[in-house]
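# Descriptive analysis of the structure
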Amino acid sequence: ESSIQSPWYKSVESQWSDPFECLTNVYLSLFSEGCDSPLVSNLPQSAFKSSSQLSNSHDPGYAKLNRRDGAGGWSPLDSNKYQWLEINLEERTEITAVATQGRYGSSDWVTSYLLMFSDTGHNWRQYRQEDSIGAFSGNTNADSVVTYKLQQPVFTQYLRVLPLDWNPNGRVGLRLEVYGCQYKSDVASFDGASYLLFRSDPAPSLSAKDLLTMNFKSLHHSGILVHMEGQHGHTLTLELLKGKLFLHFRKGRSASGDFHTTVSLGSLLDDQHWHHISIERLRGHVNFTVDKNTQRLQLPELLFFHKISFGGVSAVGAHSRGNFHGCLENVLYNAVNVIEQAKEKQVSVMGNITFICSEAVDVPVTFASPESFLRLPWAVSRDSVSVSLQFRTWNKVGLLMTFDLQHQLANYKKQLTWKTSYQQLYASVTGSGLNDGQWHSVELSVRRGRLVLAVDKADASTTTTSFPVMPGHHIFLGGTAKLNIQNLSYKAMNPFNVFQGCMRLIHLESNLVDLIKVQQMLVGNFSDLQMDMCGIVDRCSPSHCEHGGKCTQSWSTFHCNCSNTGYSGATCHSSIYEPSCEAYKHRGNTSGYYYVDMDGSGPIKPQLIYCNMSGKCWTNQHLAYFNYSADTEQLGAIISQAEHCEQELSYHCKKSRLLNTPEGAPFTWWVGRSGEAHTYWGGARPGSQQCACGLQEDCVDPEHFCNCDGDLDSWANDSGVISHKEHLPIRLLAVGDINRPGSEAAYRVGPLQCYGDNDFWNAAYFNKETSYLHFPTFHGELSADISFLFKTSSSSGVFLENLGIKDFIRIELSSPTEVVFSFDVGNGPFEVRVETTEPLNDERWHRVKAERNVKEASLHVDHFPGVVQKAPADGHIHLQLNSQLFVGGTASRQKGFLGCIRSLKLNGKTLDLEERAKITPGVQPGCPGHCSSYGGLCQNRGRCVEKYNGFACDCGSSPYSGTFCHKEVSAHFRPGTSVAYTFKEPYELNRNASAQSSSIYSDLTLKGENISLSFRTSQAPALLLYVSSYYREYLGILLNRNGQLDVKYKLQNNRDAEVFRSSARNLANGQLHRVSIRRVSETVDVLSIISLSIPLPLSLSLRPSLRLSLSICTESGEMDPEIARLNSLGFTGCLSVVQFNSIAPLKAALLYPDTSPVIVTGPLTESNCGSSSSSSPYAAETTHSLSGKADHFGTVGTGEPVVNAISSDSALIGGVIAVVIFVILAALAVMARFLYRRKETCQTQQPKGTKPEDSPETPFNTDPHSQSIISDTQKEYFI
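Before going into details, it helps to say that this report is about the structure given with it. Quick caveat, the model's predicted, so the values are computed rather than measured.

## Topic: the overall build of the protein
- The number of helices and strands found in the protein is 11 helices and 87 strands.
- Within the protein, the fraction of its 1279 residues that count as buried is 53%.
- Intrachain contacts of the protein at a sequence separation of at least 6 include 71% that bridge at least 24 residues.
- Accessible surface for the protein amounts to roughly 57,500 Å². Of this, 51% is attributable to carbon and sulfur atoms.

Structure, rendered in C-alpha cells:
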C-alpha cells in the first residue's frame, strides 16, 4: 500500500513580484524534469549510520524501503528524541522527495520526524517549511509508504532523519527511500585574499538583459563576493556584511559616486551552508534574489559591465573591506560558466584559489528551550583557570555558564557573578549588543587573583579577587540542573534567565570539548539540546512587519514597532486612519485636516487632506498650480473612490486664442492623469474642443465656441469645471497663442475637489437564506484583514466564507450576541469569538473587523472589547484558498445571512456588492435605513433625514447650524443694535376686532413655551430679550443693576406684571451663561446657573402672532417704564443660540436675512461669544494648520483633525501676556462700573412717566396703569 501526500511544503511566494518575465531560476523549481530516481536502494550498508541500534538485525543498513532484510528495518536501542538515522549519498546530490515506512511485520513505526542535511556530516541544517515548520508527518502502520515531494530540492551529500514521535504501543522503526538525481557542481574556494577576474568583450553591444546566478558558502561573516565595473565608472558590488548580503550600485567615478543605491537581503548567511543568489536585469529593472526572497532596484537602462571580479577585488580598489572567505559554486554569468573557464585558464585567477570546497568542521550545539543545559566535567590546575566559547543569540539576557567554586559559587550571565561565604558580591561586566544573532567569543580566565573577562577578544574587563577562584569538578552551560539521587539523572533547575541560542568551540583549560562524544553520551550530561547544529532562525528576515514597521526579535518570536507608521497591530497591518472624509464625517468629526488612508492596509500611504464636512463631504486635495501634495497612486485612489470630483480651469485672454474653434488646431491643451492630451475646456464635454460658452451658446463671438477664440483686444475669459473623473487631475497645461504682439494671457488651475465615498455606502440586501454573492478567491496568505458593517433582525448567519483544500476562513453571526471569526492555515481550526452585552440583530448598523497574521488573530465588534489570540509559535503561517469567496452565505447554501452588508473590505480593497447584487437573484443592491444608526449624530434638535447613500441633519428647528447642528450661531451686539422677528396672523385685525376675531386668537393661545439663549456681557443693567403680543402681554429677560438675571412677565392685561429673579450672583462678568425658560401649563422653569420653578396663577396667553426683540425693542406705543428705560440703554455683548419654541430668530437674521421676517437695526457682527469649546462632543469646526514635520501623523486613533502644537516657550509668553491684558481689562471694567453708578446716582428727575431707580427688592415698576400700545395687528418677537 502506498500513498503520496499532496505537497507537504506549501508554496512560499517571494516578497516582490517581478515587473518582467523571469529569465531563469532553476534553483527555485519544484522538480527538475526527470529528477526522481531512487537514491538509497543501491547504497552499501556502510553508507548508513545511526545513533544506536537495538541489535545487529536492526542495523541501519536494513532501513531500505520495501526490504525485509534483517529484522525488517532499523530500530534504535532506546526510543527517544535523541536518536537518528544517517545516509551518506557519497556525493552532493539533488533530493526531490522522501518516502518512509515502518519496520516490517512489527508495531514499530515513526509518526513524525525531522529531515536534516549536511555536506560534511557535521553542522547539520534542518529542512524547514515556511521558515518555521520542519516536522514531517510519518506513518500510521508498519507497511504503508508515505511520500513527500519537496517543493524546493535539497542539494546535499549527507541526509539525517530524526524521529520525533512513534507508535505509542511500539518503538521507533524505520525504512526509507530518497528520490532525486545527480548534481553537477563546479566549485572554487577562496581564502580571503584571492579572486577571479572576468573580462568581457572590449567592444560590446549594450545589452538590455543580464543574468548572474551562483551559490556560496561562507566561512566568515563578511567579504566581497562580486564586484562589477561598467562604462562611465558605474559599479555594482555584492557584499556579505555580518551575515547579510548587500547589493550596492554607484554611479560615477568619484569616491562617493553621483548616487548610491543599496538593497539588503538575507540573514545568518555565515552558517557554513550553501545559499543561492540570482541577479536578473531587464533594462533598468533588477531583481535581486537570495534563497527564496527577492528585492528590486532600478539601474540605468543601458548598462554594460566590462570587468567582473568574483571573490573580492584587488588591494588597490574602491573598497576597503576584505575579500570573500569561502566557496562559490556554479557561477553563471549570461550562461558563461565562470569557474569552468577559470579551470581552463580563460578567466584570470588572482591569488590562491582551489577548485574543491575546503570546509571547516565546527560542531555547534543549540539550547532551544528553558529546559536545556549541558553539564561537562572540568579538571583545573592550581595555577590558573580558563574557559572560552563562542555563542550567538537573539535574547537580551541569558545564563551562559555557571560553576561551583571550592566553597564559593560563581555565575556568568553575560556578566560573571560569584559569592563568598561572607556574601560579598563581585561582578565583571563587558560587551554590548551581543544579542544581534552574530557569533561572539567570550573568555574567562583567572590567574594570581586577577579575573579577566574578554568579549570578542577586544572588550575586556578585569576584577581583582580577595580569594582564590578554584572551580569545582564540573561546569554547567546554558542552564543549571540538580541531580536526582533516586535515578541518578539531572533535572533542569534555572534560577536565572536561561540562555537560548547556539554555542561552539567550547574550551576548558585550552582543551576543545568534543561535542560528538557528548552527543554519544560518552562525556557529560545534557537535556533538550540539538547537537551538531545551530538552530537559530532570523524571524525578521524577511520581515513580517508591514508599512515600515521595525522588526525586533527574541529566540522564539518577533515584535513589530509601529511607531510613526500610521498603522497598528502585531504586524503593523491595519491603518489607524479612516479611508475617506465620508467615514470621518460619520464618526461625528467636523471640518479640518485629516490623514486619509484610501486603501486601508494596502500599499498606498496615508495622505493629509482637508475634509470640508459641510453639506457634501468635499476632499480638497490640491492648492493650486499643479503642486499636488499626493503622488499619482494616492490621487488615483482618491478620485476612483469618490462619488464626484472636479477641478476649475480658467483662462483670461487678450488677443490670445484658446482652442482655435471650431475647426483649427488648438493653441492650448492640458494633460490629465493618464498622460493623454485634452482639447476641451472647463464646463464642456470631453472631446468637444469647446468651452462652457460654446455648450451654452452664449460666447462673445457666435462663430466660435470659446470667448477667447474671438481674438478680442479687450480682456475676456473662459472658465469652467472639469468633472470627468478619468481625466483628473490636471497635470500639465500648454499655452500656445502668446507670442503675437499685444497677446496677453493668464491661467489658473483650481484645487482638485472630491466628495462622496462610493465604497462607504456600497451595500447589498440579502432577503433569502439561500442567496449569496460570489467573488474571486481571497488572497491573504500572510496577512488578512476583513471589515464590514451589517444590520439584521436574524439571530444567526454567515457573513462570508472562502474555502481551500484544507484551509478556510469564515466570519459569522453565531447568536444575537456573538460574532465568530474562524480559519485554518494547516494547524487545525482556530476560532476567535466576541460576545456583546447588547443584541446585534436590532436592525442597526454594526461594524466588524477581523485580522489574521503570522503572530495573532483578532476580532472587534463595534465598541465592545476586542479579542486577540496568539498563533502557534512554530505553526503553519500561509493561508491557501482556492474556491470562490462567498458573501452572505456559504457554498453549501446553509446558514445564509438575512439582512444588509455594507462597505466590505478585504485587505483594503472594497468589494462592489451593489454591482454584483444587480445580477444575483435574492439579493438587492443598496440598503436604506441609516438614521436608526446615525441619527444620534444630529444634535441640538437637529432632525435626521434619510438619503440613499447616508443621511443628513436638518437644522431648521435648531438654533445651531453645521453638519450635525453643532455649531453655535452667535452675534455681537452694540448699543443701537437689535433684531426683531415678526409673526403675521393669517387674519388681519385692528384694535376694534370683533369677538369672533378674539375667539380665533383665544384658540391660538399658547399653553407653553421653550425659550433659550446664551449671553456674555459686562453691562448691567441690560435688556436681553423682549416678547410682546397685541394684548399687551409680554415677557422680558434682563439683567438688573447687580448683574442678576430677572424675568418679568405679564400674563393677562388686567393683572400686574410678575418678576422672577435668579439666585445666581453677578452674571455680567464677561463669561458665557446659558438661560433656559420653559413653561408648561402654570409652571415656569428658569434655568441659568440653577433651576427654579414659579407657580403661575393663570396660563400665559402669548399668541403665535408676536414680536420678539433682541437687545432693543423697536415697537411703538406704551411699554413697561422699567423695560423702556433699559431699552434706551441698549446692549453691549454677545448673544448666542436664541430659540423661541421652534423659531431661531438670531440664526434667521445672520444666515437667512433675505428670506426671513427679520428686521436688523444697527451693526450686527457674527461672533463665537468666546465659547471655549463647541457644544458638539466631537472636534470643533475650525481652521486647522498643517504640522511643519513631514512625518507628523497626529494623535493615533482619535479621529481628531491634525493641528499644530504650540511650543512651550510660546505658550509661556502668551500666558503672561494674557494675564497682563486680563488685569488691565478688569481694572477698566471696575472703573467703568463705578463711574456708571455715579452717573445713575447723580441723575436728575426725569419728566413725567419715569420711575425710581431699581433696587434689588423692586427691580421693576409694577404700576398697573403702565401699558404698551400696539399700533397694528401684528404680534412680534424681539431678540
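Read on for the rest.
## With respect to the layout of surface pockets
- Empty space within the second largest pocket amounts to approximately 1,400 Å³.
- As for the second largest pocket, its lining consists of 48 residues, of which Glu578, Arg587, Arg847, Lys849 and Asp862 are closest to the centre.
- Secondary-structure elements contributing two or more residues to the lining of the second largest pocket are strand E45 (574–575), strand E57 (784–791), strand E62 (846–852), strand E63 (856–861), strand E66 (899–906) and helix H7 (931–934).
- Across the lining of the second largest pocket, the residue classes break down as 16 nonpolar, 19 polar and 13 charged.

## Structural notes on the sheet that holds strand E65 (residues 885–887)
- Strand order in this open sheet of six strands is E56-E65-E58-E59-E60-E61, and the pairing throughout is antiparallel. Edge positions in the open sheet fall to strand E56 (773–775) and strand E61 (830–835), since each of these has one partner strand only. Adjacent strand axes in the sheet meet at a mean angle of 15° when their direction is disregarded.
- Relative to E65, strand E58 (residues 797–803) runs antiparallel, the two being bridged by three bridges. Residue Asn802 lies in a different strand from E65, and its bridge partner there is Leu885.

## Points about the state of the cysteines
- Across all of its chains, the model carries 16 disulfides by this definition.
- The residue that forms a disulfide with Cys35 is Cys181, at a sulfur-sulfur distance of 2.1 Å. Residues Cys35 and Cys181 are joined by a disulfide whose S-S torsion is about -95°; by sign, that bridge is left-handed. Here Cys35, found in the loop between strand E1 (2–4) and strand E2 (37–38), pairs with Cys181, found in strand E9 (residues 175–182); they are 146 residues apart in sequence, far enough to count as distant. Residues Cys35 and Cys181 agree in their burial class; the two are buried.

## Comments concerning the side chain of Arg175
- Turning to its location among the elements, Arg175 is positioned in strand E9.
- Classification of Arg175 as buried rests on a relative accessible area of 2%.
- Side-chain polar atoms of Arg175 contact the backbone oxygen of Gly72, separated by 3.4 Å.
- Within polar-contact distance, the side chain of Arg175 engages the backbone oxygen of Gly102 at 2.7 Å.

## Focus: the sheet that holds strand E53 (residues 732–734)
- The antiparallel open sheet is built from three strands, whose spatial order is E51-E50-E53. The open sheet has two free edges, formed respectively by strand E51 (677–678) and E53, since each of these has just one partner strand.

## Observations concerning the environment of Ala1148
- As for its position among the elements, Ala1148 is in helix H10 (residues 1145–1151).
- Judged by relative accessible area, which is 8%, Ala1148 ranks as buried.
- Along the primary structure Ala1148 and Val1158 are separated by 10 residues, whereas in three dimensions their C-alpha atoms are 7.2 Å apart.
- Excluding its chain neighbours within four sequence positions, the residues that come into contact with Ala1148 are Tyr981, Pro1153, Ser1156 and Val1158.

## As for the pattern of salt bridges
- Counted by the stated rule, this structure contains 30 salt bridges.
- Connected through shared salt-bridge partners, Arg92, Asp119, Lys217 and Glu329 make up one network.

## Thoughts on the nonpolar core
- One finds Leu658, Trp670 and Trp681 to be the most contacted residues of the largest nonpolar core, which totals 41 residues.
- When contributions to this core are tallied by element, the ones reaching two or more residues are helix H3 (581–585), strand E46 (592–596), strand E47 (607–612), helix H4 (632–641), strand E49 (644–654), strand E52 (716–722) and strand E54 (744–755).
- Look past the residues within four positions of Trp670 in its chain and what remains in contact with it is Leu649, Glu676, Ala677, His678, Tyr680, Trp681, Ile722, His727, Ile730, Leu732 and Leu733.
- Ranked by size, the runner-up nonpolar core spans 40 residues in total, among them Leu773, Leu800, Leu885 and Val923.

## A look at the packing of aromatic side chains
- What the rule picks out here adds up to 30 aromatic pairs.
- When the ring of Trp761 is compared with that of Tyr934, the centres are 6.1 Å apart and the planes differ by 85°; the resulting orientation is edge-to-face. In this pair, Trp761 is assigned in the loop between E54 and strand E55 (763–766) and Tyr934 in helix H7, connecting sequence segments 173 residues apart. Accessibility assignment for this pair places Trp761 and Tyr934 in one class, buried.
- Look at Phe790 and Phe897: their rings are 6.4 Å apart centre to centre, the planes differ by 85°, and that puts the pair in the edge-to-face class. Separated by 107 residues along the polypeptide, Phe790 in strand E57 and Phe897 in the loop between E65 and E66 bring together distant segments of the chain.
- For Phe790, a relative accessible area of 0% puts it in the buried group.
- Residue Phe897 is classed as buried on the basis of its relative accessible area of 0%.
- Ring pairs connect the aromatic residues Phe766, Phe788, Phe790, Phe799 and Phe897, which therefore count as one cluster.

## Things to note about the environment of Phe830
- Among the secondary structure elements, Phe830 is positioned in strand E61.
- The exposure class assigned to Phe830 is buried, which follows from its relative accessible area of 17%.
- Along the chain, Phe830 and Ala857 lie 27 residues apart, while their C-alpha atoms are 9.0 Å from each other.
- Phe830 has contacts with Phe821, Ser822, Phe823, Ala857, Gln869 and Lys870, leaving out every residue within four places of it along the chain.

## Re the pairing of strand E26 (residues 373–377)
- Across the five residues that make up E26, a large majority, four, are buried.
- Note that E26 and strand E40 (residues 525–527) share three bridges and pair antiparallel. The residue bridging Phe373 from the neighbouring strand is Ser527, located in E40.
- One ladder, built from four bridges, connects E26 with strand E35 (residues 471–477); its direction is antiparallel. Looking across to E35, one finds that Leu376 is bridged to Ile475.

## Observations regarding unusual backbone geometry
- The peptide bond linking Ser541 to Pro542 adopts the cis configuration, its omega dihedral lying at -5°.
- Relative to the helices and strands, Pro542 is located in the loop between strand E41 (529–531) and strand E42 (550–553).
- The omega torsion across Leu728 and Pro729 is 0°, close enough to zero to call that bond cis.
- With respect to the helices and strands, the residue Pro729 is situated in the loop between E52 and E53.
- In this structure, Asp456 is a non-glycine residue whose phi angle is positive, near 55°.
- Its location among the elements puts Asp456 in the loop between strand E33 (450–455) and strand E34 (459–464).
- Its identity as a non-glycine residue notwithstanding, Ser903 has a phi of 50°, on the positive side.
- Within the secondary structure layout, Ser903 lies in strand E66.
- On the accessibility criterion, Ser903 (8% relative accessible area) is buried.

Procedures and definitions
- Note that residues are indexed from 1 along each chain, following the sequence as it is written.
- Where totals are concerned, whole chains, interfaces and linings use all residues; where local detail is concerned, this predicted model gives features only for residues with pLDDT of at least 70, and gives and counts side-chain atom pairs only at 80 or more.
- Neither water nor hydrogens contribute to the side-chain values; these are computed over all heavy atoms in the structure.
- In DSSP terms, a helix is any run of H or I states spanning at least four residues, a strand is any run of E spanning at least two, and both are numbered starting from the N terminus.
- Buried, partly exposed and exposed residues are distinguished by accessible area as a fraction of the type maximum, computed with a 1.4 Å probe on protein chains only: under 20%, between the cut-offs, and over 50%, respectively.
- Note on definitions: a residue-residue contact is assigned when non-hydrogen atoms from the two residues lie within 4.5 Å.
- Note that accessible areas follow from Shrake-Rupley with a 1.4 Å probe, and for residues the cover is restricted to the protein chains shown.
- As defined here, a cavity is a set of points on a 1 Å grid over the protein atoms alone where a 1.4 Å probe fits but cannot get out. A pocket is an open set with protein on both sides within 12 Å along at least five of seven lines, and residues line them when an atom is within 4 Å of a point.
- Grid points are joined across faces, edges and corners, and a volume is the space filled by probe spheres set on the points.
- When residue character is reported, Ala, Val, Leu, Ile, Met, Phe, Trp, Tyr, Cys and Pro are called nonpolar, Asp, Glu, Lys and Arg charged, and the others, Gly included, polar.
- Paired strands, as defined in this entry, are two strands with at least two bridges between them according to DSSP.
- Lines fitted to C-alpha atoms define the axes, with helix axes restricted to the stretch in contact, and inter-axis angles between N-to-C directions lie between 0 and 180 degrees.
- Throughout, a disulfide means two cysteine sulfur atoms within 2.5 Å of one another.
- Nitrogen and oxygen atoms within 3.5 Å of one another constitute a polar contact, given that in protein one can donate a hydrogen and the other can accept it, and given that sequence-neighbouring residues count only through two side-chain atoms.
- A side-chain nitrogen of Lys or Arg and a carboxyl oxygen of Asp or Glu constitute a salt bridge if their distance falls within 4 Å.
- Each nonpolar core is a collection of buried residues, namely Ala, Val, Leu, Ile, Met, Phe, Trp, Tyr and Cys, held together in the definition by side-chain atoms within 4.5 Å.
- The criterion for an aromatic pair is that two Phe, Tyr or Trp rings (for Trp, the six-membered ring) have centres within 6.5 Å, with stacked assigned to planes under 30 degrees apart, edge-to-face to planes over 60 apart and tilted to the rest.

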